[in-house]
Amino acid sequence: MRTYFPEIKHPVRYEGPDTRNPLAFRWYDPARKVRGIPMADHLKFSVAYWHAFCGAGADPFGLPSLGRAWRQDRDPMGIAAKTLDAAFEFFVKIGVRYYCFHDRDMAPEGKNVGETRRNLETMVGRARTKQDETGVRLMWGTAALAANPRYTHGAGTNPDPLVFAHAAGQVRQMIDATVALGGTGYVFWGGREGYSTLLNTDMKQERLQYARLLEMAVEYGARAGFSGMFFVEPKPREPSTHQYDFDAATTLGFLREFGLLDHFMLNIEANHATLAGHTFEHELQVAADAGKLGSMDINRGDPTLGWDTDQFPTDLPSATMAVLIVLRQGGFRYGGLNFDAKVRRGSFDTVDLFHAHIGAMDTMARALLVADRIIKDGVLDGFVSDRYAGWRTGIGGKVLKGKATLPELEEHAARCGEPGLTSGRQEMLESILNDYLYCSRIE
Ligand code: XUL
Ligand code: CO
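Participant: Hey, could you go over the packing of aromatic side chains for me, with residue numbers and the actual values?
Facilitator: With the rule as written, the count across this model stands at 29 aromatic pairs. Ring geometry for phenylalanine 53 versus phenylalanine 90: centroids 5.7 Å apart, planes at 75 degrees, classification edge-to-face. In this pair, phenylalanine 53 sits in helix H2 (residues 49-54) while phenylalanine 90 sits in helix H3 (residues 76-94), placing the two residues 37 residues apart along the sequence. Phenylalanine 90 carries the same exposure label as phenylalanine 53, and that label is buried. Taken together, a centroid distance of 5.7 Å and an interplanar angle of 35 degrees make the contact between tyrosine 210 and phenylalanine 254 tilted. Within this pair, whereas tyrosine 210 is found in helix H7 (residues 203-224), its partner phenylalanine 254 is found in helix H8 (residues 248-257), the two being separated by 44 residues in sequence. You can call tyrosine 210 buried: its relative accessible area is 2%. Taking the relative accessible area as the measure of exposure, phenylalanine 254 reaches 2% and is therefore buried. Pairwise contacts between aromatic rings join Tyr4, Phe5, Tyr49, Phe53, Trp70, Phe88, Phe90, Phe91, Tyr99, Phe101 and Phe354 into one cluster. The aromatic ring of tyrosine 98 is capped on one face by lysine 44, whose charged end is 5.5 Å from the ring centroid.

Participant: Would you mind going over the packing of helix H11 (residues 316-328) against helix H16 (residues 426-439) in detail, with residue names and values included?
Facilitator: Where H11 meets H16, the axes come as close as 11 Å, and the angle between the chain directions of the two elements is 105 degrees. The orientation of H11 with respect to H16, classified from their angle, is roughly perpendicular. The segment H11 lies against H16, with Leu316, Pro317, Thr320 and Met321 engaging Leu433, Leu437 and Tyr438. For the contact of H11 with H16, the residue count by class is 6 nonpolar, 1 polar and no charged.

Participant: So, the pattern of salt bridges: which residues are in play, and what are the values?
Facilitator: Note that side chains of opposite charge can pair when their charged atoms are close. Evaluation of the coordinates by the stated rule reveals 23 salt bridges. The residue arginine 117 makes a salt bridge to glutamate 121 at a minimum N-O spacing of 2.6 Å. Pair noted here: arginine 117 and glutamate 121 are both in helix H5 (residues 113-134), with a separation of 4 residues, about one helical turn. Its salt-bridge partner being aspartate 372, residue lysine 376 comes within 3.0 Å of it at the nearest N-O pair. Within this pair, lysine 376 and its partner aspartate 372 are both found in helix H12 (residues 351-377), separated by 4 residues, close to a single helical turn. The structure contains a network of salt bridges with shared partners spanning Asp103, Arg104, Glu109 and Arg150.

Participant: Residue-level account of the nonpolar core, with values.
Facilitator: In a soluble, globular protein the nonpolar side chains are often hidden away together inside. The biggest cluster of nonpolar side chains holds 126 residues, and the ones touching the most others in it are Phe45, Tyr49, Phe91, Tyr99 and Phe188. Per-element accounting of this core gives the leading share, 16 residues, to H12.

Participant: Describe the coordination of the cobalt ion (ligand 2), naming the residues involved and giving the relevant values.
Facilitator: Around the cobalt ion (ligand 2), the protein contributes the donor atoms Glu233 (OE), Glu269 (OE), Asp297 (OD) and Asp340 (OD), which lie 2.0 to 2.1 Å from the metal centre. Given 6 donor atoms and angles of 82 to 171 degrees at the metal, the environment of the cobalt ion (ligand 2) is assigned as octahedral. Counting gaps between the donor residues of the cobalt ion (ligand 2) yields the pattern E-x35-E-x27-D-x42-D. With glutamate 269 in strand E10 (residues 264-269) and aspartate 297 in strand E11 (residues 293-297), the pair connects residues that are 28 residues apart, well separated along the chain.

Basis of the calculations
- Residues numbered from 1 in each chain as written.
- Chains lettered and ligands numbered in written order.
- Predicted model: local features only at pLDDT ≥ 70, side-chain atom pairs only at ≥ 80, totals over all residues.
- Heavy atoms only, no water.
- Phe/Tyr/Trp six-rings, centres within 6.5 Å; stacked < 30°, edge-to-face > 60°.
- Helix = DSSP H or I, 4+ residues; strand = E, 2+ residues; numbered from the N terminus.
- Buried < 20%, exposed > 50% of the residue type's maximum accessible area, 1.4 Å probe, protein only.
- Lys NZ or Arg CZ within 6 Å of the ring centre and 35° of its normal.
- Axes fitted to C-alpha atoms, helices over the stretch in contact; angles between N-to-C directions.
- Parallel < 35°, antiparallel > 145°, perpendicular 65-115°, else oblique.
- Contact = heavy atoms within 4.5 Å.
- Nonpolar A, V, L, I, M, F, W, Y, C, P; charged D, E, K, R; others polar.
- Salt bridge = Lys/Arg side-chain N within 4 Å of Asp/Glu carboxyl O.
- Core = buried A, V, L, I, M, F, W, Y, C linked by side-chain atoms within 4.5 Å.
- Donors = N, O, S within 2.8 Å, 3.2 Å for Na, K, Ca; no water.
- Tetrahedral: all angles 85-135°; square planar, octahedral: opposite > 155°, others 65-115°.

Nothing here speaks to function; it is geometry throughout.
Structural data, given as structure tokens:
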């Protein structure tokens, strides 16, 4: 069979921190045990089919710049077949065990709903065979509900029920595909589920429609044998001006309002968090505190640019904060770490896809080792625990149990007088974190 990555002769290997080989892992050693389990099981990496194999480097100012050999064919199904070959060659060579895709990444839309279904089923059948041959598995599936012009004013939130019906049909087909490929997650990302002006929008109506779509997905998933988890992926804006799944807190509120919370978890994306004016760790913590952190899209934005640049994660402090939260909640059951990231449009060569994933996997692997050490040492966790010690006994304990009253607290304040001023020690803690990141031995 034709190879699309001839420059990579064998699967990328772990060579350790001192290697000078840029096409080897320095930190990601899949078999290495951390907290008793292999690194590969902590770091369930997934390649994003759309960015890695379908993206061609176009931006709002420029034409496609990445001429991928697997995208050259006269027939759209021919392109799909070559892309699948390239994808599985890449998965095996980079050593990633999972992938995620939108329906349209893998199979082109046909002339009508029936032809579209046949295209998807054909490609899913081929993907199933490749999965069985390689052991690579689907992590989550999703329907592309933002690209087709019919969804310009929303998919689930469109004013026209016929558009809604197309979206619902697409979700149904993609749930079937996810089940056929053994995916453990199904994602809703609502890029067009929002609005650009209230002059033409009934927001209350649109949110109800969206809830109905999610409800039907849950109901259909149960009938279709989907035993994984549904995820919503918050994002504040882009492409819509206002998106209903603005951030983790807003999305949790939405799911609670419509009685959907039991059936959904969140897929938190780093670059969406920063677009919402938060940090990645803020969003992860909000989701984790609600018991709803199901998966993450790992990437990063550019602090000088206000859009979703989807760069590969190379920021060790942010990665470490993220992994700390994941370790504290005991990992992921249904999700993992999906690279929703693309190479820059000037990274023309296919080898750049390897450099991008290797750098990101090493960043996350190093973050895992640092986070493990931080948790083992207990210094940072101990500081936080001590800071709230007053809430475990006495008047604090009484308040949390719901047993105190305002007059009682007024009396307590009067009796005890002015509280001492206790430093938050932010600078000290930042230095301790830096020490773990850059100085302390993590072997
Ligand atoms: C868009 C985005 C999507 C979702 C899946 O910003 O993140 O690719 O991850 O639809
Ligand atoms: Co994403």
